[in-house]
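Residues per chain, in single letters:
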Amino acid sequence: MEKLMVRGGRPLRGSVQISGAKNSAVALLPASILAESPVTLDNLPHLSDVAVYSDILQELGGSVTWNGETIVIDPSDMKSIPMPNGKVKLLRASYYLMGAMLGRFGEATIGLPGGCNFEPRPIDQHIKGFEALGAVVSNDHGSVRIVAKELRGAKIYLDVVSVGATINIMLAASKAKGSTVIENAAKEPEIIDVATLLNSMGAKIKGAGTETIRIEGVDSLHGCRHSIIPDRIQAATYMIAAAATRGDVLIDSVIPKHLEAVTAKLQEMGVHVYEMDEAIRIVGQPLYEAIDVKALVYPGFATDMQSPMTSLLTQTNGVSILTDYVYSNRFKHIPELTRMGARIRVEGRSAIVEGGPLTAAKVRAADLRAGAALVVAALTVPEGVTEIGGAEYIDRGYDHLVDNLRLLGAEVWRETE
Ligand code: EPZ
């Protein structure tokens, strides 16, 4: 167990290179199961969730070779092995094994996913999709068992807009007989990334990135090479940290379009934001206006950026209201921020944040983005050292965070807890 130690108060200055997207990587890795020849993924982030997924693919009989940010997965010898326990319990995105194994083998037995459990995260829409495609889903001693003699295309309306369900249905439907239509699909950039990989593997998917996705099933999929999109949540976290420390940072290798909601909110507060082709420069200002933020599905302000944004809102001169319409209670960072002197109260699905200085404290990350929020908060504190326990949560989603922050001039280091 490790903790992050932060002596804040220094404006971040310089440039930071953003890695490939975690939430794409953890879907693209299992998507490779569907191929019958090697899949090469470039721009893979160095994250614990990615390492765990790579181990899972090897447990299934795949051969995995790493070379820097590139991974080659040869899925040809993979077998349909039940995965009730073990590594699947370590990450939420193990649910993508369900769609991928169902598509390749016609069956999957997967332990209920673990990961960042900031609140109950049901998978009923995934199951609804598999059943619509003709699969029989049952509970097998706490694992989800899914079996289909033959997957048949279907029209599936998602009752809630779900990233995971949209991707999982795309994975299985790529190998179904006939056409599938997903209505009320999620539109996140990671969905387009997965559809792009699957199409390069020979799938026939149209409409990814819109609310209607059409999939014409094919008999077989083959290997290909694909480069993962930049991680918009890591990028947004550095944007927010740069603003919070009144710094001047170039956030490089990003797709600025994916960050429009954050850019707009930062500008509304008074942060200077300059968009370039593949980079964004943030120039912090001494005073910020309080604003209201609503976390929504894409292209709205992402729920994953909500927690770091809460920390930035403590740096305004008024009262801001941040409401999360995706998760009703994703507020595990708030008691910890309160320990640091923040004046925040939660009302229903809103956090009401009164601006004011923060102080150093001993705090704990309860999940990945709660951890990112504490890092942003700690970077603003001019005196003392903030100790952030639970660094392993932060490692799930931030590639080389300590190195990157140090390059930007921050005083950050790791210690064993
Ligand atoms: C993805 O989770 C991301 N994870 C999450 O990132 C992110 O917070 C979330 O999308 C929302 O953007 C990955 O991509 C691996 P959802 P996912 O299904 O797909 C409800 C991070 O910090 N719902 O889009 O699991 C659900 O409870 C993380 O990087 C159902 O009711 O989220 C939520 O309120 C954590 N039934 C909403 O829909 C379902 O079957 C959106 O969830 C599925 C979801």
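Note that this is a predicted model, so its numbers are computed, not measured.

Asks: Any chance you could explain the side chain of Ser24 here in plain terms?
Replies: With respect to the secondary-structure elements, Ser24 resides in helix α1 (residues 22-31). A relative accessible area of 0% means that Ser24 is categorised as buried. Those residues in contact with Ser24 that sit more than four places away from it in its chain are Glu190, Asp193, Ile228 and Ile229.

Asks: Is there a simple way to explain a nonpolar patch on the surface in this structure?
Replies: Residues Val161, Val297 and Val326 make up a contiguous nonpolar surface patch of about 170 Å² in total accessible area. Mapped onto the fold, Val161 is located in the loop between β9 (155-157) and α5 (163-173).

Asks: Can you help me understand the packing of α1 against helix α6 (residues 189-200) in this one?
Replies: Between two packed helices, both the angle of their axes relative to each other and the distance between the axes serve to describe the pair. Put simply, α1 and α6 touch, their axes get as near as 9 Å, and they point 25 degrees apart. In terms of orientation, α1 and α6 fall into the roughly parallel class. Judged by the sense of rotation from one axis to the other, the crossing of α1 with α6 is right-handed. Only Glu190, Asp193, Val194, Leu197 and Leu198 of α6 make contact with α1, whose side of the interface consists of Asn23, Ser24, Ala27, Leu28 and Ala31. A per-class count over the contact of α1 with α6 returns 6 nonpolar, 2 polar and 2 charged.

Asks: Before we go on, may I ask you to explain helix α7 (residues 232-244) in this structure?
Replies: Since there are 3.6 residues in each turn of an α-helix, residues three or four apart along the chain are aligned in direction. The terminal C-alpha atoms of α7, which comprises 13 residues, lie 18 Å apart, in line with the 18 Å expected from a rise of 1.5 Å per residue. In terms of burial, α7 is largely enclosed, as 13 of its 13 residues are buried. N-capping of α7 is provided by Asp231, with a side-chain oxygen placed 3.0 Å from the backbone N of Ile233. Among the residues trailing α7, Arg246 stands out with phi positive, at a value near 55 degrees.

Each value, and the rule that gives it
- Residues numbered from 1 in each chain as written.
- Predicted model: local features only at pLDDT ≥ 70, side-chain atom pairs only at ≥ 80, totals over all residues.
- Heavy atoms only, no water.
- Helix = DSSP H or I, 4+ residues; strand = E, 2+ residues; numbered from the N terminus.
- Buried < 20%, exposed > 50% of the residue type's maximum accessible area, 1.4 Å probe, protein only.
- Contact = heavy atoms within 4.5 Å.
- Patch = residues over 30% accessible without salt bridge, like charges linked within 9 Å, V, L, I, M, F, W, Y side chains within 5 Å.
- Areas by Shrake-Rupley, 256 points an atom, 1.4 Å probe, with all protein chains shown as cover.
- Salt bridge = Lys/Arg side-chain N within 4 Å of Asp/Glu carboxyl O.
- Axes fitted to C-alpha atoms, helices over the stretch in contact; angles between N-to-C directions.
- Parallel < 35°, antiparallel > 145°, perpendicular 65-115°, else oblique.
- Left-handed = near helix turned anticlockwise from the far one by under 90°.
- Nonpolar A, V, L, I, M, F, W, Y, C, P; charged D, E, K, R; others polar.
- Expected span 1.5 Å × (residues − 1).
- Polar contact = N/O pair within 3.5 Å; in protein donor to acceptor, adjacent residues only side chain to side chain.

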